[in-house]
Amino acid sequence: ARPPAFTLIFWLIFIVMAVFTVLTIYYFVGQRDRTYRLLRTEKERSEGLLRRIESDLSLAAKIQRDFLPRKDPRVERFDISGLNVSCYEVGGDYYDFVPVDPYRLGIAVGDVSGKGIGAALLMASLRAAFRAEVRPGYRIEDMAAGINDFVHQSSAVSSFITFFYCEIDRRGNEVRYVNAGHVPPLILRADGSLETLGSTGFCLGMFPGASYEAKSVRLDEGDVLLLYSDGIPDGRNAD
């Protein structure tokens, strides 16, 4: 028979191990439950933040849509139409129609470097500066130079805008334009030939004091002038 002392020690060790095991399980279960509660709280907070961000982006997208023309202009002898389809909720692509006087209409297309909120804010600044520059008696090359200096002073060093502007006059066939590093617009002639309107200066905001050359091109009946952003060539697939 085992000595009573040995039996007592055995049961004491057994009880201590059992208590230790129970306490260990209780501790880890408590930690697990605490972790689940923290994760649930964080998930709820993240979902609330995501809903707020989505709401803010939706509002920003609406504001940006309001910056764009509400309808296409009606100009004698011309058929004009514009469309913007953003890659994300907001972006940096911009187009505008601005009446200069009873006979002339200014048409602009711009593309801010980058995507998202930052590009959208710079696009809004471009619109304000552009509309402030276009007025009767202005020169389009001076307008481009003025916007260039504004963008350079009011944006980050790495930010720039490609920009194309042309002015049509319903009294004639000549279209005057400046191209600040924008993808070259296309002219599809009535006879099927194709022309491009290349750059006449640096992208807006790249260098202070940059100058721009104004050029002109003739549009005859049946010719099509296409202004677009790099979303068109960037969207091509292997075919």
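Preceding block: the structure.
Now for a quick tour of the structure. Starting afresh in each chain, residues are numbered from 1 along the sequence in its written order. Residue-level local features of this predicted model are given only where pLDDT is at least 70; pairs of side-chain atoms are given and counted only at 80 or more, and the full residue set underlies all totals for whole chains, interfaces and linings. As a rule here, side-chain values come from all non-hydrogen atoms in the structure, and water together with hydrogens is ignored.

Glancing now at the nonpolar core. Definition used in this section: a nonpolar core is a set of buried Ala, Val, Leu, Ile, Met, Phe, Trp, Tyr and Cys residues joined via side-chain atoms within 4.5 Å. Throughout this description, buried means an accessible area under 20% of the type-specific maximum (1.4 Å probe, protein chains only), exposed means over 50%, and partly exposed covers the range between. One finds F130, V134, M143, I147, F163, Y165 and L204 to be the most contacted residues of the largest nonpolar core, which totals 44 residues. Comment: elements are numbered from the N terminus, with helices defined as DSSP H or I runs of at least four residues and strands as E runs of at least two. For this core, the elements supplying multiple residues, two or more each, are β3 (93-99), β4 (104-112), α2 (116-133), α3 (140-154), β5 (161-169) and β6 (174-180). When checking whether two residues touch, look at their non-hydrogen atoms; a contact exists if any pair is within 4.5 Å. Once you skip the residues sitting within four places of it in the chain, I147 turns out to touch L126, A129, F130, E133 and L204.

The next subject is the side chain of R189. Take R189: it is sitting in the loop between β7 (186-188) and β8 (194-196). A 3.5 Å cut-off defines polar contacts: any pair of N or O atoms within that distance qualifies, except that in protein one atom must be a possible hydrogen donor and the other a possible acceptor, and neighbouring residues in sequence count only when both atoms are side-chain atoms. For R189, the side chain forms a polar contact with the side chain of D223, separated by 2.8 Å. Among all residues touching R189, those that are not within four sequence positions of it are E195, V217, R218, L219, D220 and D223.

Right, let's get into the pattern of salt bridges. By definition, a salt bridge exists where a carboxyl oxygen of Asp or Glu is found within 4 Å of a side-chain nitrogen of Lys or Arg. In total, this model carries 13 salt bridges according to the counting rule given. Salt-bridge contacts for R32 lead to D33; the nearest nitrogen and oxygen are separated by 3.0 Å. The exposure class of R32 is partly exposed, given its relative accessible area of 43%. D33 gets classed as partly exposed once you look at its relative accessible area, which sits at 27%. R139 is paired through a salt bridge with E141; the nearest N and O atoms lie 2.8 Å apart. Classification of R139 by relative accessible area gives partly exposed; the value is 44%. Owing to a relative accessible area of 15%, E141 belongs among the buried residues under this scheme.

When DSSP locates at least two bridges between a pair of strands, those strands are taken to pair. Read from one edge of the open sheet, three strands run β8-β7-β10, paired in antiparallel fashion. Every interior strand has two partners, whereas the edge strands, β8 and β10 (224-226), have only one. Direction aside, the axes of adjacent strands within the sheet are offset by 20 degrees on average. Both β7 and β10 contribute to a ladder of three bridges, which runs antiparallel. Bridge pairing in β10 places I187 opposite L225. Each axis is a line fitted through C-alpha atoms, taken for helices only over the stretch in contact, and angles between the N-to-C directions span 0 to 180 degrees.

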